[in-house]
Amino acid sequence: MPVHVLPAESPLILSMPHTGTDIPPVWYRRLNETGQGLIDTDWHIDRLYDRLVPEATIVRARFHRYVSDANRDPEGASLYPGQNTTGLVPLTTFDGDPIWNDPPTTREMRSLQSAFFNPYHAALAAQIARVKLKFGFAILFDCHSIRSRIPHLFEGRLPDLNIGTYNGASCDARLAAGVTGICNRASGYTTVLNGRFKGGWTTRRYGRPHAGVHAIQMELAQSTYLTSEEEPWLYDTEKASDLRDVLRELLGYLISWAPGTEAARKTDK
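Residues numbered from 1 in each chain as written. Predicted model: local features only at pLDDT ≥ 70, side-chain atom pairs only at ≥ 80, totals over all residues. Heavy atoms only, no water.

(A) Seen up close, the overall build of the protein. When helices and strands are counted, the protein shows eight helices and seven strands. In terms of overall dimensions, the protein is globule-like: its C-alpha atoms have a radius of gyration of 18 Å, near the 18 Å expected for 269 residues. The principal-axis extents of the C-alpha atoms in the protein amount to approximately 55 × 40 × 35 Å. Buried positions account for 54% of the 269 residues belonging to the protein. In the protein, the proportion of contacts linking residues at least 24 apart, taken out of those at least 6 apart, comes to 79%. With the model as given, the accessible surface of the protein reaches about 11700 Å², and the carbon-plus-sulfur share is 52%. Across the protein, the centroid of the 29 positively charged side chains sits 7 Å from that of the 30 negatively charged ones. (Helix = DSSP H or I, 4+ residues; strand = E, 2+ residues; numbered from the N terminus. Rg over C-alpha atoms; globule rule 2.2 N^0.38 Å. Buried < 20%, exposed > 50% of the residue type's maximum accessible area, 1.4 Å probe, protein only. Contact = heavy atoms within 4.5 Å. Areas by Shrake-Rupley, 256 points an atom, 1.4 Å probe, with all protein chains shown as cover. Lys, Arg positive; Asp, Glu negative; His and termini not counted. Charge placed at Lys NZ, Arg CZ, Asp CG, Glu CD.)

Now the structure itself:
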C-alpha cells in the first residue's frame, strides 16, 4: 500500500508526505544516478516524531516524492510563482539537477498521480473527516524537513523551525500564535512564521479554519537532527532528543487546543 495510516483519538493529525523511499523498480531504473540518491527525502521524519504524542493520527506516504509529490498542486500550478521549485512529478532535484535518464511522459505522470498522490490524499481526507466528525474540528500538522542550505531555492541559511500557515489563511490566528510562541521560546533554535515556506498544497488545500479544519506546516532544517546534511543522512540521537523535546511540547499544545479553551486563547507574549 502506498500510504500508512495509524488512526488515533484526538483532533490532531500528523501528515508525512515526504518520508517514503519506495520507488517501483521499473521507475527506479529510469532515474539517473543523481535521482537514485533520493537526496530530497525528508529523512527520518517518521522517527523524529515517533511516539511524541500517541493520541495523534498519522498519515504517512511510503512512496518517494520523485514518483509523486504529495505536497504539490495536482493541476501543476506553482506554489511559489517566480521562485524555483519542483512539480508533482519532479524532473530535477532541489538543486536544479536532472534526476531522470528517461523522464516520464505526461500520460505516465497522470498514471503516477493515480497510483500514489490520489491514494495519499484520499486517506488524509478520510482521516480529517473522521476526526472532525468526532471532535467538531481537526488540526492537521504537516511534517517536513529540508537541507538548511539550497542556493537554488533560497539565499543563505534556512531558519531551524519554519512555520507555514499560508500567511494566516490556513488556521486560527490564536493557534498560529501559540505554535510560534513555543518555537520562539525554544532555546538554541531560530524560528520564522511564513518565511520561505508558507505551507505547501496540503496546508493550503485542507486549511479551512472557518469550517473547523486548521492546517500548519512545519519545515525543519535537517541540521537540527541529522549528523550532517549529506549522505548517508545519519540521524543524530543527541540533536534529535533536544528537538523532540520542543516538538513534544508543541504537539501537546495542539492536542490540548480547542476553540474557546484557555489553550486557544494562548498567544505569543
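Next comes the rest of the write-up.
(B) Region of interest: the packing of helix H5 (residues 173–185) against helix H7 (residues 237–256). Their axes nearest at 10 Å, the elements H5 and H7 cross at an angle of 160°. If you check the angle between H5 and H7, you find them roughly antiparallel. Here H5 and H7 pass one another in a crossing that is right-handed. Along the contact surface, H5 presents Arg174, Leu175, Gly178, Val179, Ile182 and Cys183, while H7 presents Val246, Glu249, Leu250, Tyr253 and Leu254. Of the residues assigned to the contact of H5 with H7, the class counts are eight nonpolar, one polar and two charged. (Axes fitted to C-alpha atoms, helices over the stretch in contact; angles between N-to-C directions. Parallel < 35°, antiparallel > 145°, perpendicular 65-115°, else oblique. Left-handed = near helix turned anticlockwise from the far one by under 90°. Nonpolar A, V, L, I, M, F, W, Y, C, P; charged D, E, K, R; others polar.)

(C) How the structure looks around the pairing of strand S7 (residues 213–221). By the criterion of burial, S7 is predominantly enclosed, with nine of the nine residues buried. On S7, burial covers both faces: Val213, Ala215, Gln217, Glu219 and Ala221 on one face and His214, Ile216, Met218 and Leu220 on the other are all buried. Across four bridges, strand S5 (residues 161–164) lies against S7 in antiparallel orientation. Of the residues in S7, the one forming a bridge with leucine 161 is leucine 220. (Pairing = 2+ DSSP bridges.)

(D) Looking closely at the sheet that holds strand S4 (residues 138–146). The sheet built from seven strands is open, its strands ordered S1-S3-S2-S4-S7-S5-S6 with mixed pairing. The two strands at the open ends of the sheet, each matched to only one other strand, are strand S1 (3–6) and strand S6 (191–193). Each adjacent strand pair in this sheet contributes to an overall mean axis angle of 15°, direction not counted. The sheet contact formed by strand S2 (residues 12–16) and strand S3 (residues 57–61) spans four bridges and is parallel.

(E) Layout of the side chain of glutamate 219. Note that glutamate 219 resides in strand S7. For the buried residue glutamate 219, which engages in no salt bridge, the nearest side chain bearing the opposite charge is arginine 65, 6.4 Å off. Side-chain polar atoms of glutamate 219 contact the backbone nitrogen of serine 145, separated by 3.3 Å. Residues contacting glutamate 219, with those up to four places away along its chain left out, are His144, Ser145, Ile146, Asp160, Leu161, Asn162 and Phe197. (Salt bridge = Lys/Arg side-chain N within 4 Å of Asp/Glu carboxyl O. Polar contact = N/O pair within 3.5 Å; in protein donor to acceptor, adjacent residues only side chain to side chain.)

(F) Region of interest: the packing of aromatic side chains. Throughout the structure, instances matching the rule amount to 11 aromatic pairs. Centre to centre, the rings of phenylalanine 137 and tryptophan 257 are 6.0 Å apart; their planes meet at 75°, and the pair counts as edge-to-face. Separated by 120 residues along the polypeptide, phenylalanine 137 in the loop between helix H4 (106–135) and S4 and tryptophan 257 in the loop between H7 and helix H8 (262–265) bring together distant segments of the chain. For tryptophan 257, a relative accessible area of 1% corresponds to the buried category. Cluster of aromatic residues (ring-pair linked, three or more members): Phe63, Phe116 and Tyr120. Directly above the aromatic system of phenylalanine 197 lies the positively charged group of arginine 196, at a separation of 5.0 Å from the ring centroid. (Phe/Tyr/Trp six-rings, centres within 6.5 Å; stacked < 30°, edge-to-face > 60°. Lys NZ or Arg CZ within 6 Å of the ring centre and 35° of its normal.)

(G) Molecular detail of the nonpolar core. Membership of the largest hydrophobic core comes to 69 residues, with the highest contact counts inside it found for Leu14, Leu48, Tyr49 and Phe141. With 12 residues, the next largest nonpolar core counts Tyr80, Phe94, Ile146 and Leu158 among its residues. (Core = buried A, V, L, I, M, F, W, Y, C linked by side-chain atoms within 4.5 Å.)

(H) Region of interest: the environment of valine 67. Here valine 67 lies in the loop between S3 and H4. The class for valine 67 is buried, based on a relative accessible area of 0%. Separated by 92 residues in sequence, valine 67 and proline 159 place their C-alpha atoms 28 Å apart. When sequence neighbours within four positions are dropped, the list of residues in contact with valine 67 reads Ile23, Trp27, Val89, Leu112 and Phe116.

(I) Local environment of H5. With 13 residues, H5 extends 18 Å between its outermost C-alpha atoms, agreeing within 8% with the 18 Å of an ideal straight helix rising 1.5 Å per residue. Within the sequence span of H5, burial applies to Leu175, Ala176, Ala177, Gly178, Val179, Thr180, Gly181, Ile182 and Cys183. Considering only its buried residues, H5 is in contact with S4, S5, S6, S7 and H7. (Expected span 1.5 Å × (residues − 1).)

(J) Quick peek at unusual backbone geometry. The peptide bond linking glutamate 231 to proline 232 adopts the cis configuration, its omega dihedral lying at 10°. With respect to the helices, strands and loops of the structure, proline 232 is situated in the loop between S7 and H7. One non-glycine residue with positive phi stands out, namely arginine 51, at about 60°.

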